[in-house]
Amino acid sequence: MLSTAEIGIDLGTANILIYSKSKGIVLNEPSVVAIDLNTKNVVAVGSEAKEMVGKTPQNIVPIRPLKDGVIADYDVTAQMLKEFLKKVSKKMGLSMRKPTVVVCTPSGSTTVERRAIHNAVSSYGAKHVHLIEEPVAAAIGADLPVDEPIANVIVDIGGGTSEVGIISFGGVVSCNSIRTGGDKMDEEIINYIRKNYNIMIGERTAENIKMEIGHANENHTEESTEVRGRDMVSGLPKTVSVSSKEVYSALKESLEQILETIRSTLENCPPELSGDIVDRGIVLTGGGSMLNGIQDWLSDEIIVPVHIAPNQLESVAIGTGRSLKMISKLQKAAK
């Protein structure tokens, strides 16, 4: 057992991942907490709480305390972190006495938002809390040579935000963050089906549709799936068939926003580094990079090679954990 744990936390809008220096990824669960409104106690966290979404009695409410990559409900986030760290401590035999923690933050987050993240982690009793920008963590986790004087372009499409960063010499040269990601895409699917079919569906159903028949490329082989929801006119359950072309039209706006963010980041790249981007291309990471056809679609749009990171879902958490090695160097440099 370790006397003090060194852990990295990817505090994502959709999922929370915890990385231990000694054991790698030790936790990967949805950022959902179920709260009993009568007692204000936490009933369940993570996968167990996500299973409850849309199926609970009135007194139990599943909450997602992180919105658009930042803390929306401070107290619930602190409770959720506490429960997850307890779980890791029990499961992995890690001592959580005054751990050193590195947490990633969206590059566009404000000082107030960063302080909220810092305080939420500190409230668990962390000895040191360090914040690292999400694009840097994602690039480290994707095995990019971030320390070298070459352009490493990372596009991290998460649940709440999409981050685009150009990293060279261990720092961010140019970056942009938009509050469009997997959650916004799910929302667009919900709105499309409500508008066109008069049917209300839940977030989980929308996410399943996106994963099953969602495409980034307009020219794809058409597929369809059965969608079950509540008819808004009769109030009764109803099943309709939805095609992948329809899902594409629902996702189109979000994809265009992500593309625009990539373009504007590349436009701000110093000319010396632009040559590297032509040769090396960009690397996609995050849950959004699992959308069907996104690699080919982006490659056609920006005319540079597009690669998918080896562990796209875990890149940020792995990078956050690996950056623990760099922390001591950074601390020395700051003194």
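Residues numbered from 1 in each chain as written. Predicted model: local features only at pLDDT ≥ 70, side-chain atom pairs only at ≥ 80, totals over all residues. Heavy atoms only, no water.

1. Observations concerning the packing of helix 4 (residues 134-141) against helix 10 (residues 315-322)
Link 1 in the chain: Between helix 4 and helix 10, whose axes approach to 6 Å, the crossing angle comes to 90°. It follows from the interaxial angle that helix 4 and helix 10 lie roughly perpendicular. Across the interface between the two elements, E134, A137, A138, I140 and G141 from helix 4 touch S315, V316, I318, G319, T320 and R322 from helix 10.
Link 2 in the chain: Looking at the contact of helix 4 with helix 10 residue by residue, the class counts come to 5 nonpolar, 4 polar and 2 charged. (Axes fitted to C-alpha atoms, helices over the stretch in contact; angles between N-to-C directions. Helix = DSSP H or I, 4+ residues; strand = E, 2+ residues; numbered from the N terminus. Parallel < 35°, antiparallel > 145°, perpendicular 65-115°, else oblique. Contact = heavy atoms within 4.5 Å. Nonpolar A, V, L, I, M, F, W, Y, C, P; charged D, E, K, R; others polar.)

2. So, the layout of surface pockets
Link 1 in the chain: Within this model, the largest pocket holds a volume of roughly 1200 Å³.
Link 2 in the chain: Surrounding the largest pocket, 49 residues form its lining, A14, R64, G159, D183 and E207 being those nearest its centre.
Link 3 in the chain: Listed by contribution, the elements that provide at least two residues to the lining of the largest pocket are strand 1 (6-11), strand 2 (15-20), strand 3 (24-30), strand 7 (66-67), helix 5 (182-197) and helix 6 (203-213).
Link 4 in the chain: Approximately 250 Å³ is the volume attributed to the second largest pocket.
Link 5 in the chain: For the second largest pocket, the full set of lining residues is V53, G54, K55, I190, I201, G202, E203, R204, T205 and N208.
Link 6 in the chain: Taken together, the residues that form the lining of the second largest pocket break down as 3 nonpolar, 4 polar and 3 charged. (1 Å grid on protein atoms, 1.4 Å probe; cavity = no way out; pocket = protein on both sides within 12 Å on 5 of 7 lines; lining within 4 Å. Points joined across faces, edges and corners; volume = space filled by probe spheres on them.)

3. Looking at the side chain of Q312
Link 1 in the chain: Locating Q312 in the fold gives a position in the loop between strand 18 (306-308) and helix 10.
Link 2 in the chain: Judged by relative accessible area, which is 18%, Q312 ranks as buried. (Buried < 20%, exposed > 50% of the residue type's maximum accessible area, 1.4 Å probe, protein only.)

4. Structural notes on the UniProt feature "binding site: ATP" (unreviewed entry) in the protein chain
Link 1 in the chain: Mapped onto the present numbering, the UniProt feature "binding site: ATP" (unreviewed entry) falls at T13, A14, N15, G159, G160, T161, E207, N208, I209 and K210. The annotated residues contributing to the lining of the largest pocket are T13, A14, N15, G159, G160, T161, E207 and K210.
Link 2 in the chain: In this fold, T13 is placed in the loop between strand 1 and strand 2.
Link 3 in the chain: Given a relative accessible area of 6%, T13 falls into the buried group.
Link 4 in the chain: Those residues in contact with T13 that sit more than four places away from it in its chain are S31, R64, L66, K67, D68, G69, G159, G160 and D183.
Link 5 in the chain: Note on placement: A14 falls in the loop between strand 1 and strand 2.
Link 6 in the chain: The residues contacting A14, other than those within four sequence positions of it, are E29, P30, S31, R64 and G159. (UniProt positions renumbered as here; feature names shortened; annotations may be inferred.)

5. A short note on the sheet that holds strand 18
Link 1 in the chain: Spatial strand order, 13-12-11-17-18: 5 strands in an open sheet with mixed pairing. Because the sheet does not close on itself, it has two edges, and the strands there are strand 13 (171-178) and strand 18. If you compare each strand with its neighbour and ignore which way they point, the axes differ by 20° on average.
Link 2 in the chain: As defined by bridge partners, strand 12 (residues 162-168) adjoins strand 13 across 7 bridges and the pair is classed as antiparallel. Bridging across to strand 13, E163 finds its partner in S177. (Pairing = 2+ DSSP bridges.)

6. Structural notes on the sheet that holds strand 14 (residues 199-200)
Link 1 in the chain: Ordered by their spatial adjacency, 3 strands build an open sheet running 14-15-16, and the pairing between neighbours is antiparallel. With partners counted over all chains shown, the strands left at the sheet margins are strand 14 and strand 16 (237-243), one partner each.
Link 2 in the chain: One ladder, built from 2 bridges, connects strand 14 with strand 15 (residues 224-231); its direction is antiparallel. Residue pairing in the sheet places M200 in a bridge with R230 of strand 15.

7. A few points about the nonpolar core
For soluble globular proteins, the rule of thumb is that nonpolar side chains tend to be buried together.
Link 1 in the chain: With 40 residues, the main nonpolar core has I189, I193 and I201 as its most contacted residues.
Link 2 in the chain: Among the elements that make up this core, the one with the highest residue count is helix 7 (residues 244-267) (7 residues).
Link 3 in the chain: Judged by nonpolar contacts, the second largest core, of 26 residues, contains I9, L27, L66 and V129. (Core = buried A, V, L, I, M, F, W, Y, C linked by side-chain atoms within 4.5 Å.)

8. Brief notes about the environment of A137
Link 1 in the chain: Its location among the elements puts A137 in helix 4.
Link 2 in the chain: Overall, the relative accessible area of 0% leaves A137 in the buried class.
Link 3 in the chain: Put simply, A137 and V103 are 34 residues apart on the chain and 9.4 Å apart in space, counted from C-alpha to C-alpha.
Link 4 in the chain: Residue contacts for A137: discarding those within four places in its chain leaves C104, I132, S315, V316, G319 and T320.

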